[in-house]
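# Report on the structure
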Amino acid sequence: MDSFSEKDLIQNAERQRKASSLDSHNISYEQFSNSSSPNSPKKSRPISMFVHPQEKLNQTSEVTNNNNFNIMPTPENTIPPSLPSIPYPLAQEVDVASVNSFKTVETSHTGDQESLCSDVLERANNPQGIIKMLCELDGGLSIALERVKQDVISAKEVATFLKKRASLEEEYGRMMIKMSRSLQESHNTNDTKQGSYGESWMNMLKLHESIGENRVKFAAAIQEISEDVSVLYKETDKSRKNLKDSGHKHEKAIQESETALEKARGKYESHSEDWERTLLQKNGDIPTTSKPRTLTKVFSKQSKSPTQLVKMEEDARNKAEAANATYKQHLNSTNATRHDYYEVHLPRMITSLKDTADECDIGLQYHLARYSYLFENTMMSDALVITPVNEADGPALRKIVEQINNDADFHTYVQNYGAKTRRKIINFDIPYDQYNMSEQAVNIMNPKNIFGVDLAEQMQRDGQEIPLILVKCCEAIEQSGGLRSQGLYRLSGVKSHIERLQALFDRNAEAVDLNAEEHLADVNNVTGVLKLWFRELPDPLFTREMYQDFVNASKIADDKKRVLALHERVNNLPDANYSTLKYLMGHLNKVVENQEYNKMNEHNLSIVFGPTLMGTPLPDHSQNDAAGLNDMGLQYKVVETILMSYRSIFVME
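Attention in this report is confined to the structure presented alongside it. Model, not experiment: these values are computed from the prediction.

### Quick notes on the overall build of the protein
- What the protein contains, in helices and strands, is 26 helices and zero strands.
- When burial is assessed residue by residue, the protein has 39% of its 653 residues classed as buried.
- Pairs at least 24 residues apart make up 81% of the contacts formed inside the protein by residues separated by at least 6 positions.
- Carbon together with sulfur atoms contributes 51% to the accessible area of the protein, which is approximately 38,600 Å² in total.

### Overview of the packing of helix α8 (residues 196-282) against helix α10 (residues 306-386)
- With their axes 7 Å apart at the nearest point, α8 and α10 run at an angle of 170° to one another. When the interaxial angle is binned, α8 and α10 end up roughly antiparallel.
- Among the residues making up the contact of α8 with α10, the classes are represented as 35 nonpolar, 25 polar and 17 charged.

### Quick word on the pattern of salt bridges
- Overall, the coordinates contain 22 salt bridges when judged by the stated rule.
- Linking Glu 258 and Arg 338 is a salt bridge whose minimum nitrogen-to-oxygen distance equals 2.7 Å. Residue Glu 258 is found in helix α8, and its partner Arg 338 is found in helix α10; the two are separated by 80 residues along the sequence.
- By relative accessible area, which is 31% here, Arg 338 ends up partly exposed.
- Here Asp 274 and Arg 277 are joined by a salt bridge, their closest N and O atoms 3.0 Å apart. Highlighted residues: Asp 274 and Arg 277, both in helix α8, separated by three residues, approximately one helical turn.
- On the basis of relative accessibility, which here comes to 17%, the residue Asp 274 falls in the buried class.
- Each member of the salt-bridge network shares a partner with another, and the members are Arg 165, Glu 169, Arg 215 and Asp 382.

### Description of unusual backbone geometry
- Backbone geometry at Tyr 489 places phi at a positive 70°, although glycine is not the residue there.
- Within the secondary structure, Tyr 489 sits in the loop between α15 (468-479) and α16 (495-507).
- A positive phi angle, near 60°, is found at Lys 599, a position not held by glycine.
- Tracing the sequence through the fold places Lys 599 in the loop between α22 (595-598) and α23 (602-614).
- Overall, Lys 599 belongs to the partly exposed group, its relative accessible area being 47%.

### Observations regarding the nonpolar core
- Tyr 489, Phe 505, Phe 542 and Met 585 are the most contacted members of the largest nonpolar core, which has 59 residues in total.
- By residue number, the principal contributor to this core is helix α21 (residues 575-593), which donates eight residues.
- When neighbours within four sequence positions are excluded, Phe 505 is seen to be in contact with Lys 448, Ile 450, Phe 451, Ile 469, Lys 472, Cys 473, Val 512, Leu 514 and Val 529.
- The next biggest cluster of nonpolar side chains, apart from the first, holds 35 residues, and it includes Ile 131, Ala 159, Val 229 and Tyr 371.

### Examining the state of the cysteines
- Under the criterion given, the structure shown has zero disulfides.
- You can see Cys 473 has no disulfide; the closest cysteine sulfur is in Cys 474, sitting 6.8 Å from it.
- Owing to a relative accessible area of 0%, Cys 473 belongs among the buried residues under this scheme.

### Brief notes about the environment of Pro 611
- By the secondary structure assignment, Pro 611 is in helix α23.
- Spatially, the C-alpha atoms of Pro 611 and Gly 633 are 9.6 Å apart, while their sequence positions differ by 22 residues.
- Those residues within four positions of Pro 611 in sequence are excluded, and the remaining contacts are Ser 606, Met 632, Gln 635 and Tyr 636.

### A closer look at α21
- Its 19 residues give α21 an end-to-end C-alpha distance of 27 Å, which sits within 8% of 27 Å, the value for a rise of 1.5 Å per residue.
- Where burial is concerned, most of α21 is hidden: 14 out of the 19 residues are buried.

### Let's talk about the packing of aromatic side chains
- Here the structure, examined in full by the defined rule, presents eleven aromatic pairs.
- When the centroid spacing of 5.8 Å and the interplanar angle of 25° are considered together, the rings of Tyr 371 and Phe 375 count as stacked. With Tyr 371 and Phe 375 both in helix α10, this residue pair falls four residues apart, about one helical turn.
- Using a relative accessible area of 28% as the deciding quantity, one classes Phe 375 as partly exposed.
- Taking 4.8 Å as the distance between ring centres and 65° as the angle between the ring planes, the aromatic pair formed by Trp 533 and Phe 534 counts as edge-to-face.

About the criteria used
- Residues numbered from 1 in each chain as written.
- Predicted model: local features only at pLDDT ≥ 70, side-chain atom pairs only at ≥ 80, totals over all residues.
- Heavy atoms only, no water.
- Helix = DSSP H or I, 4+ residues; strand = E, 2+ residues; numbered from the N terminus.
- Buried < 20%, exposed > 50% of the residue type's maximum accessible area, 1.4 Å probe, protein only.
- Contact = heavy atoms within 4.5 Å.
- Areas by Shrake-Rupley, 256 points an atom, 1.4 Å probe, with all protein chains shown as cover.
- Axes fitted to C-alpha atoms, helices over the stretch in contact; angles between N-to-C directions.
- Parallel < 35°, antiparallel > 145°, perpendicular 65-115°, else oblique.
- Nonpolar A, V, L, I, M, F, W, Y, C, P; charged D, E, K, R; others polar.
- Salt bridge = Lys/Arg side-chain N within 4 Å of Asp/Glu carboxyl O.
- Core = buried A, V, L, I, M, F, W, Y, C linked by side-chain atoms within 4.5 Å.
- Disulfide = S-S within 2.5 Å.
- Expected span 1.5 Å × (residues − 1).
- Phe/Tyr/Trp six-rings, centres within 6.5 Å; stacked < 30°, edge-to-face > 60°.

What follows is the structure in structure tokens.
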């Protein structure tokens with residue numbers, strides 16, 4: 001009990017310290033103290049115990065005047081100054097003598113549940129009765145510990161909320177102040193409206209700056225409350241853990257004592273049984289016990305002499321008496337430990353837990369009341385900044401907005417601008433200015449396709465006697481030394497380069513420069529695009545209509561007659577086809593003249609250009625799809641004969 005009294009003194013000193021720290025807020029604890037008698041139920045202090053700022057304003061008919069719009073009421077103006085010396089009432093010492101034989105209540109399904117419930121309700125209004133009820137309940141200490149744990153968690157939750165709320169309010173207030181001041185500084189430098197709007201806008205910014213300052217003060221206040229609540233729940237949790245460890249220590253002591261008692265009782269019964277057996281043997285009686293162990297010992301032992309039996313009985317009696325003494329000693333010790341726990345330690349721990357829970361409950365409610373008061377004060381301060389009660393404190397926000405005169409501001413702006421400039425408006429029609437696209441873009445929008453276009457149509461559209469692609473390709477080959485390129489027209493070029501040249505010619509053949517280094521790097525690309533152009537003509541160069549005439553002429557065995565027949569058919573070609581064929585044969589004749597280098601004679605060139613220039617016959621002139629393949633040799637013969645007779649057909653005519 002001495003240690004318990006010392007602990008009470010420490011708690012009393014700590015509560016005195018809390019009372020002095022809370023005195024700065026001028027909040028009365030009178031109702032808390034008066035309602036915390038151990039013989040009467042504790043009553044929560046209502047939040048309305050604080051004087052509302054507006055009510056105080058109505059009572060005094062005065063409002064603090066602040067030129068910076070900061071009129072937050074101070075606690076000195078709204079809170080009565082009276083304070084008791086101790087904020088929390090000390091719980092009375094439990095009368096251990098009045099708590100008769102605290103025992104664990106063992107409940108069963110057959111018990112009188114209604115009587116137990118009525119007893120609980122009766123004791124709920126009496127703190128000492130609640131403590132006695134917890135002492136009688138099985139697990140009463142755990143229930144009290146769990147209740148204090150709930151207080152700790154609740155207080156921790158409140159502390160977390162207040163801390164985050166303080167952070168949000170501080171950030172909001174500082175950002176509001178920063179924004180308001182920044183806009184005030186930049187108002188004159190920016191191209192914003194002046195006049196009545198500018199004055200109203202500056203007043204609005206100052207008003208918001210005041211609101212931001214109020215919120216910063218509010219954040220500091222609730223941060224302080226959060227720290228106080230944190231201290232409260234940490235101290236409560238510390239007390240709970242100490243009492244929990246103390247309870248476990250006492251329960252462990254009881255368990256160890258009961259375990260030792262059980263062992264002593266077992267030895268006592270064993271030695272008493274041995275004494276009983278030897279006593280019966282000594283008197284010559286057969287034991288009537290039904291214990292298997294005893295019977296086994298009786299019939300397994302050999303017959304003893306009377307002297308031995310007396311000695312055995314005396315030894316067994318001594319052991320039984322010693323075990324009995326030990327058993328009684330452990331029994332007394334265990335009963336004393338249990339008595340000390342249930343009548344002293346358990347009531348003391350539950351009383352301490354009840355005091356801890358009460359202190360946490362009252363403290364938490366008090367801090368929540370502080371927060372409510374500060375919150376109401378802040379809201380009222382913001383309201384009085386936005387809408388002051390006295391006109392001397394400045395116009396209200398709505399009044400500031402109503403003072404804006406847009407018509408007068410606009411008239412003043414026009415007058416000021418007109419004084420700076422005297423320019424007259426010149427009214428005239430703006431002419432249309434057409435955008436001239438680049439030649440490349442025009443060619444993309446309006447391409448002049450040559451691949452897959454009828455030869456006569458190309459000639460008529462472009463106004464050329466010879467296709468421009470044929471002229472440019474032949475000149476590029478002849479001027480770049482391509483006539484001496486081995487395998488000319490027989491070797492294929494790079495497909496991607498050929499397709500690129502095809503796209504350029506299809507876009508604008510006149511703009512293509514085949515003398516560029518990228519095109520002359522491989523002359524086979526130039527020959528490839530030229531052969532591709534001939535292959536994609538809708539009607540071959542020798543025309544499908546005259547296909548059979550050329551084939552029949554190539555069948556003539558006599559060379560002179562064959563040349564004459566082919567000459568006649570060449571002359572019958574359309575003008576566009578004739579001029580194109582004449583230019584092509586002149587170019588191929590130059591290729592043949594350089595066959596020493598390029599290895600391309602008339603026969604080799606006819607193999608390359610025969611199918612390309614002849615194409616396939618009309619359906620009327622062929623009996624099956626293989627007719628073109630069967631005429632392959634004759635196609636070669638046509639091109640070869642014309643090429644060999646180039647001068648007699650085209651030059652000497």
